[in-house]
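# Geometric and topological summary
Each chain is listed here by its residues.
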Amino acid sequence: MTFDKWFNKQSVLIKALLLLIPGVNWVCECLVRLSVLLHTKSTEHLLVFLLFLLVGWGWFLGAIDFVYMLLKGHLILGK
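Residues numbered from 1 in each chain as written. Predicted model: local features only at pLDDT ≥ 70, side-chain atom pairs only at ≥ 80, totals over all residues. Heavy atoms only, no water.

## Things to note about the side chain of Asp4
Turning to its location among the elements, Asp4 is positioned in helix α1 (residues 3-9). In this structure, Asp4 is buried with no salt-bridge partner, the nearest side chain bearing the opposite charge being Lys5 at 5.9 Å. When near neighbours in sequence (up to four residues on either side) are disregarded, Asp4 contacts Val32, Ser35, Val36, His39 and Gly78. (Helix = DSSP H or I, 4+ residues; strand = E, 2+ residues; numbered from the N terminus. Buried < 20%, exposed > 50% of the residue type's maximum accessible area, 1.4 Å probe, protein only. Lys, Arg positive; Asp, Glu negative; His and termini not counted. Salt bridge = Lys/Arg side-chain N within 4 Å of Asp/Glu carboxyl O. Contact = heavy atoms within 4.5 Å.)

## Brief notes about helix α2 (residues 12-20)
Structurally, the α-helix is built with 3.6 residues per turn, so residues lying three or four positions apart point the same way. Taken as a whole, α2 has its buried residues at Lys15, Ala16, Leu18 and Leu19. In a view along the axis of α2, the buried residues occupy a sector of 165 degrees, so they form one face of it. Within α2, the exposed residues directed more than 90 degrees away from the buried face are Leu13 and Leu20. Along its buried surface, α2 packs onto α1, α3 (24-40) and α5 (59-72). (Arc of directions from axis to C-beta.)

## Digging into the side chain of Asn25
Topologically, Asn25 is positioned in helix α3. Residue class for Asn25 comes out buried when judged on its relative accessible area of 14%. A distance of 3.2 Å separates the side chain of Asn25 from the backbone nitrogen of Gly23, its partner in a polar contact. Ignoring any residue separated from it by four or fewer positions in sequence, one finds Asn25 in contact with Leu18 and Leu19. (Polar contact = N/O pair within 3.5 Å; in protein donor to acceptor, adjacent residues only side chain to side chain.)

This is the structure:
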């Protein structure tokens, strides 16, 4: 699964739009985090994936990821 690579190759505008649409942002974040988890198989990425899977649907974690993406160009632990 290479969704993380596809997501990180998109322009900041496309990534911002994907993260601003309710529901779509949760799906994109979970897919990116799952893809990174499958590549690295680290416990750190497993914990972050489970966190976003269980409570990432709320606006707070999505807002943090949105601001981080605008500043750094990728999601938190999503590279």
